[in-house]
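One letter stands for each residue in the lines below.
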Amino acid sequence: MPIINPICHGMWSLTPYDKCDFRCVYCCTRVQGTSRPIVPVDAFDAALRRELDAIPLDDLLIVGAFCDAYPPLEERLGLTRRVIALLIAAGRKFDVVTKATTILRDLPLFDGWAHDRKIYLSIASTDAAALRQLDPGAPSPTQRFAVLHTLHRAGLGVAVNVLPWIPDVSDTATLIERTPADVDMVFAPLQFGSERDGMNLLGRRFTRPEVVERYLADYRRYGHVANTSWVKPTPPPIENDPLYRLPVLPPPGRWPLLARLGRGVRAAFASH
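This one's a predicted model, so the numbers in the text were calculated from it and none came from an experiment.

## Some details on the side chain of Arg-208
Phase 1 of the analysis: Along the polypeptide, Arg-208 turns up in helix H7 (residues 208-222).
Phase 2 of the analysis: Within the local environment of Arg-208, its side chain forms a polar contact with the backbone oxygen of Arg-196, the two atoms lying 3.5 Å apart.

## Description of the state of the cysteines
Phase 1 of the analysis: Scanning all chains against the criterion turns up zero disulfides.
Phase 2 of the analysis: Left unpaired, Cys-24 is separated from the closest cysteine sulfur, that of Cys-20, by 5.8 Å.

## Some points on unusual backbone geometry
Phase 1 of the analysis: Cis geometry is found at the peptide bond from Leu-163 to Pro-164, where omega equals 0°.
Phase 2 of the analysis: Relative to the helices and strands, Pro-164 is located in strand S6 (residues 158-165).
Phase 3 of the analysis: Pro-237 follows Pro-236 through a cis peptide bond whose omega is 10°.
Phase 4 of the analysis: Of note, Pro-237 is situated in the loop between strand S10 (228-230) and helix H8 (256-261).
Phase 5 of the analysis: Residues other than glycine seldom take positive phi values, yet Arg-23 does so here, at roughly 50°.
Phase 6 of the analysis: Mapping Arg-23 onto the fold places it in the loop between strand S2 (11-14) and helix H1 (41-53).
Phase 7 of the analysis: Here Arg-23 falls in the partly exposed class, since its relative accessible area comes to 37%.
Phase 8 of the analysis: In the Ramachandran plot, Asn-240 falls in the positive-phi region, its phi being about 50° despite a non-glycine side chain.
Phase 9 of the analysis: Asn-240 sits in the buried class, given a relative accessible area of 5%.

## Some words on the packing of H1 against helix H3 (residues 79-89)
Phase 1 of the analysis: Two elements in contact, H1 and H3, have axes whose closest approach is 11 Å; the angle formed by their N-to-C orientations is 30°. Between H1 and H3, the crossing angle belongs to the class labelled roughly parallel. Like other packed secondary-structure pairs, H1 and H3 cross with a definite hand, here right-handed. On H3, the residues that touch Val-41, Phe-44, Asp-45, Leu-48, Arg-49 and Leu-52 of H1 are Leu-79, Arg-82, Val-83, Leu-86 and Leu-87.
Phase 2 of the analysis: Across the contact of H1 with H3, the residue classes tally to eight nonpolar, no polar and three charged.

## Side note on the nonpolar core
Phase 1 of the analysis: Grouped together as the largest cluster of nonpolar side chains are 83 residues, with contacts concentrated most on Phe-94, Val-96 and Phe-110.
Phase 2 of the analysis: Those residues in contact with Val-96, other than ones at most four positions away along the chain, are Val-63, Ala-69, Tyr-70, Ile-84, Ile-103, Phe-110, Lys-118, Ile-119 and Tyr-120.

## Quick notes on the packing of aromatic side chains
Phase 1 of the analysis: The tally for this structure, following the rule as stated, stands at six aromatic pairs.
Phase 2 of the analysis: Consider the rings of Phe-187 and Trp-230, whose centres lie 4.2 Å apart with planes at 5°: the pair is stacked. On the criterion of sequence distance, the pair formed by Phe-187 in strand S7 (residues 184-189) and Trp-230 in strand S10 is long-range, its members being 43 residues apart.
Phase 3 of the analysis: A network of ring pairs unites the aromatic residues Trp-165, Phe-187, Tyr-215, Tyr-219 and Trp-230 as a single cluster.

## A short note on H3
Phase 1 of the analysis: For H3, every residue scored as buried is listed here: Leu-79, Thr-80, Val-83, Ile-84, Leu-86, Leu-87 and Ile-88.
Phase 2 of the analysis: Elements in contact with the buried residues of H3: S2, H1, strand S3 (60-63), helix H2 (74-77) and strand S4 (93-98).

## Considering the side chain of Ser-170
Phase 1 of the analysis: Residue position: Ser-170 is located in the loop between S6 and helix H6 (172-177).
Phase 2 of the analysis: A polar side-chain atom of Ser-170 sits 2.8 Å from the main-chain carbonyl oxygen of Ala-124.
Phase 3 of the analysis: A polar side-chain atom of Ser-170 sits 2.9 Å from the main-chain amide nitrogen of Ile-166.
Phase 4 of the analysis: Not counting residues within four places of it along the chain, the set of residues in contact with Ser-170 comprises Ala-124, Ser-125, Val-162, Pro-164, Trp-165 and Leu-175.

## Remarks on the sheet that holds S4
Phase 1 of the analysis: Taken together, the eight strands give an open sheet; going across it, the order is S1-S2-S3-S4-S5-S6-S7-S10, and neighbouring strands pair in mixed fashion. This sheet does not close on itself; its edge strands, each paired only once, are strand S1 (4-8) and S10. On average, adjacent strands in this sheet sit at an angle of 25° to one another, irrespective of strand direction.
Phase 2 of the analysis: As paired elements, strand S5 (residues 119-122) and S6 share four bridges and run parallel to each other. Each residue of the ladder has a partner; that of Ile-119, found in S6, is Val-158.

## With respect to the environment of Cys-20
Phase 1 of the analysis: Position of Cys-20 relative to the elements: it lies in the loop between S2 and H1.
Phase 2 of the analysis: Along the primary structure Cys-20 and Arg-30 are separated by ten residues, whereas in three dimensions their C-alpha atoms are 9.3 Å apart.
Phase 3 of the analysis: Ignoring sequence-local partners within four residues, the contact set of Cys-20 consists of Val-31, Gln-32, Gly-33, Ser-35, Cys-67 and Asp-68.

## Describing the pairing of S6
Phase 1 of the analysis: The element S6 is extensively covered by neighbouring structure, given that seven of its eight residues are classed as buried.
Phase 2 of the analysis: Examined bridge by bridge, S6 and S7 share five bridges and lie parallel to one another. Within S7, the residue paired with Val-160 across the bridge is Met-185.
Phase 3 of the analysis: At this point the chain moves from S6, through H6, to the parallel S7, and the crossover so formed is right-handed.

Rules of the game
- Residues numbered from 1 in each chain as written.
- Predicted model: local features only at pLDDT ≥ 70, side-chain atom pairs only at ≥ 80, totals over all residues.
- Heavy atoms only, no water.
- Helix = DSSP H or I, 4+ residues; strand = E, 2+ residues; numbered from the N terminus.
- Polar contact = N/O pair within 3.5 Å; in protein donor to acceptor, adjacent residues only side chain to side chain.
- Disulfide = S-S within 2.5 Å.
- Buried < 20%, exposed > 50% of the residue type's maximum accessible area, 1.4 Å probe, protein only.
- Axes fitted to C-alpha atoms, helices over the stretch in contact; angles between N-to-C directions.
- Parallel < 35°, antiparallel > 145°, perpendicular 65-115°, else oblique.
- Left-handed = near helix turned anticlockwise from the far one by under 90°.
- Contact = heavy atoms within 4.5 Å.
- Nonpolar A, V, L, I, M, F, W, Y, C, P; charged D, E, K, R; others polar.
- Core = buried A, V, L, I, M, F, W, Y, C linked by side-chain atoms within 4.5 Å.
- Phe/Tyr/Trp six-rings, centres within 6.5 Å; stacked < 30°, edge-to-face > 60°.
- Pairing = 2+ DSSP bridges.
- Right-handed = clockwise from strand over helix to strand, strands pointing away.

Nothing here speaks to function; it is all geometry.
Okay, structure coming up:
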C-alpha cells in the first residue's frame, strides 16, 4: 500500500499508519482499528523518498488527512517524525491533521518550516464526556486545546477543525471562545456517506436533513465571526467537500433580510 495517495489535483494524502487507535465512531474514512505502519518500518524511509520524488514540488501534502498523523504507536515508532523532518528538509509544502498531544514532541522540528501552512487540531466539542464516546482513544478536549495554545504561542500556523459539527454536541459558541481570535476555525457538518441518511450516536438518531438544518442555523448565528469558515453542506458522492465554503456573513444587524428569509435561505444553501 502506498504512503502517498491523491486527494484531488495538486493535493495528496501522506499516511504513515493505516489504522487509527483513536477509533472515532463518526469517521468517514473507515480507518478505525489498531494502528500499524502502512509499510514495514525498515522499508519506510526508502518508500517515502521514492514516492515523494514522484510528487510535483508545488503540490500540497496533507499528513494525517485520512488517518491521524499521531496515533499512540507514533510515540514508539516515530514514523511521522521522520516524515516531518524529511518534508521540512526538502522544502515541501504540507499540512498536518491530528488530535494528539504527541505532536508537541516534534515542536523543535517545525523551527525549519518555511511554508505558510498549518497544523489542524480536530476538536468537535468541549464536552469531555461526549468525546469519550465519540473518539474514545483520543486526548480530551482540554488536552487538545492545550496543544493548540502551545503551538500558537510557538508562532506556528495552527487551526481548529470542528469536524464533524454535530447538533447538541458541538458547542459552537464555547469552541469559538476558547480559540484565539487569530486562529482559523473550519466547521463542517457530520458526514453520513452515500449508503445511509442517518446515524446513531450518543444514544440518539441523527439524520442528514436535521444535521444540515441545525448546522446552517449555527452558521447564521456565527458565520460573521472573522476567524470561522463554514464548509458548504453537499450530498454524496462528494459529501461536504471542504473546498467549497459558505460565504462570510456580515455582522448581526447588517443583513436583516437574511433572518426574514428563514427556510428559503436554508433550502437555497442545501440545493447548491
